[in-house]
Amino acid sequence: MTSLSPADAERLKLAFQRCRDMEGPLNEQLRAYADAGREIFPAYGDAVDRLVERLGQNGGGENAPRPGEVMPPFVLPDDRGHLVALPSLLKRGPVAVMFFRGHWCPYCRLNVRAVIQAQDRINAVGAQIVAIMPETQEYTEKFRDDSGASFPVLTDLDNGYALSLNLAIWLGAEIQQLLSYQDMAKFHGNDGWMLPIPAVFVVGRDGLVKARFVDPDFRKRMEIDHLLEALESASREN
């Protein structure tokens, strides 16, 4: 088992750029990148398949808040070091609480780009986005600046909030070795190799979950049209 070679890293970078510039729904871009990644770095694709199977067998993410349930509140620091509280955000309108793996994750970068492209439509219905990642402020700031996101990117240090929602997972030794070219300990401020399952919770002003997307396969994300529909519906309710 080997980590990613510099030559293959460059091939993945070019594949990412091609997928980023594709027309069409977000999940088509994600599938195209996953296919390219499997061709370039098959060991990682196979390891992810095994991880996803393990998580599915263990009910990964199933116990996260469901529609109709209260979304547990949070108070987390943003990429500028200011504390952001869910109840304060909800005073201004519905919120999509989005969990991302990290600034290094190409699937997260494709995901956030698609959200940013829909930002005007999100604003038009009086809704907001907030992103949550397990990375330190240095890297949440990088994620926000590199993507051009106008919404807050919060640090969930040690995955404390994700753990409380049953979203945090341990990657396992196989994935750790394959991702050894990424300095996770530096990104997270610890060497636990824990990440959140990427997820979206659309929360109404009443604090209740209106819609959610939770999938232990990080290569799949909530489609932007579905996100917009859920935010618009939540706005009408309030």
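Computed from a predicted structure; not experimentally measured.

A. Quick peek at the packing of helix α2 (residues 26-40) against helix α3 (residues 42-57). Where α2 contacts α3, the axes come no closer than 5 Å and their chain directions differ by 120 degrees. Relative to α3, α2 is oriented oblique. From α2, G37, R38, E39 and I40 reach across to α3, where they touch P42, G45, D46 and D49. Among the residues making up the contact of α2 with α3, the classes are represented as 2 nonpolar, 2 polar and 4 charged.

B. The nonpolar core, seen in detail. By size, the foremost hydrophobic cluster in this structure holds 85 residues, and its most contacted members are F74, V97, F99, L167 and F201. Each residue touching L167, except ones within four places of it in the same chain, is listed here: G61, A64, F99, A162, L195, P196, I197, A199, F201 and V214.

C. Inspection of the pairing of strand β8 (residues 199-203) at higher detail. For β8, the buried fraction is high: 5 of the 5 residues fall into the buried class. Residues of β8 alternate between two faces, with A199, F201 and V203 on one and V200 and V202 on the opposite face, all of them buried. Alignment of strand β3 (residues 95-99) against β8, held across 5 bridges, turns out to be antiparallel. Residue pairing for β8: M98 is matched across the bridge by V200.

D. Summary view of the packing of helix α1 (residues 6-20) against α2. The contact between α1 and α2 brings their axes to 9 Å, and the two run at 160 degrees. Between α1 and α2, the interaxial angle falls into the category roughly antiparallel. The chirality of how α1 crosses α2 is right-handed. Mapping the contact onto sequence places D8, R11, L12, A15, F16, C19 and R20 in α1 and Q29, A32, Y33, A36, G37, E39 and I40 in α2.

E. Representation of α3. Here α3 spans 23 Å end to end across 16 residues, near enough to the 22 Å set by a 1.5 Å rise per residue. Looking at α3, one finds that the buried residues are Y44, G45, A47, V48, L51, V52 and L55. Down the axis of α3, the smallest arc covering the buried residues is 160 degrees, so these residues share one side. The inward-facing, buried residues of α3 contact α2, β6 (168-170) and α9 (173-178). Just past α3, the residue G59 takes up positive phi, approximately 70 degrees.

The rules behind each value
Residues numbered from 1 in each chain as written. Predicted model: local features only at pLDDT ≥ 70, side-chain atom pairs only at ≥ 80, totals over all residues. Heavy atoms only, no water. Axes fitted to C-alpha atoms, helices over the stretch in contact; angles between N-to-C directions. Helix = DSSP H or I, 4+ residues; strand = E, 2+ residues; numbered from the N terminus. Parallel < 35°, antiparallel > 145°, perpendicular 65-115°, else oblique. Contact = heavy atoms within 4.5 Å. Nonpolar A, V, L, I, M, F, W, Y, C, P; charged D, E, K, R; others polar. Core = buried A, V, L, I, M, F, W, Y, C linked by side-chain atoms within 4.5 Å. Buried < 20%, exposed > 50% of the residue type's maximum accessible area, 1.4 Å probe, protein only. Pairing = 2+ DSSP bridges. Left-handed = near helix turned anticlockwise from the far one by under 90°. Expected span 1.5 Å × (residues − 1). Arc of directions from axis to C-beta.

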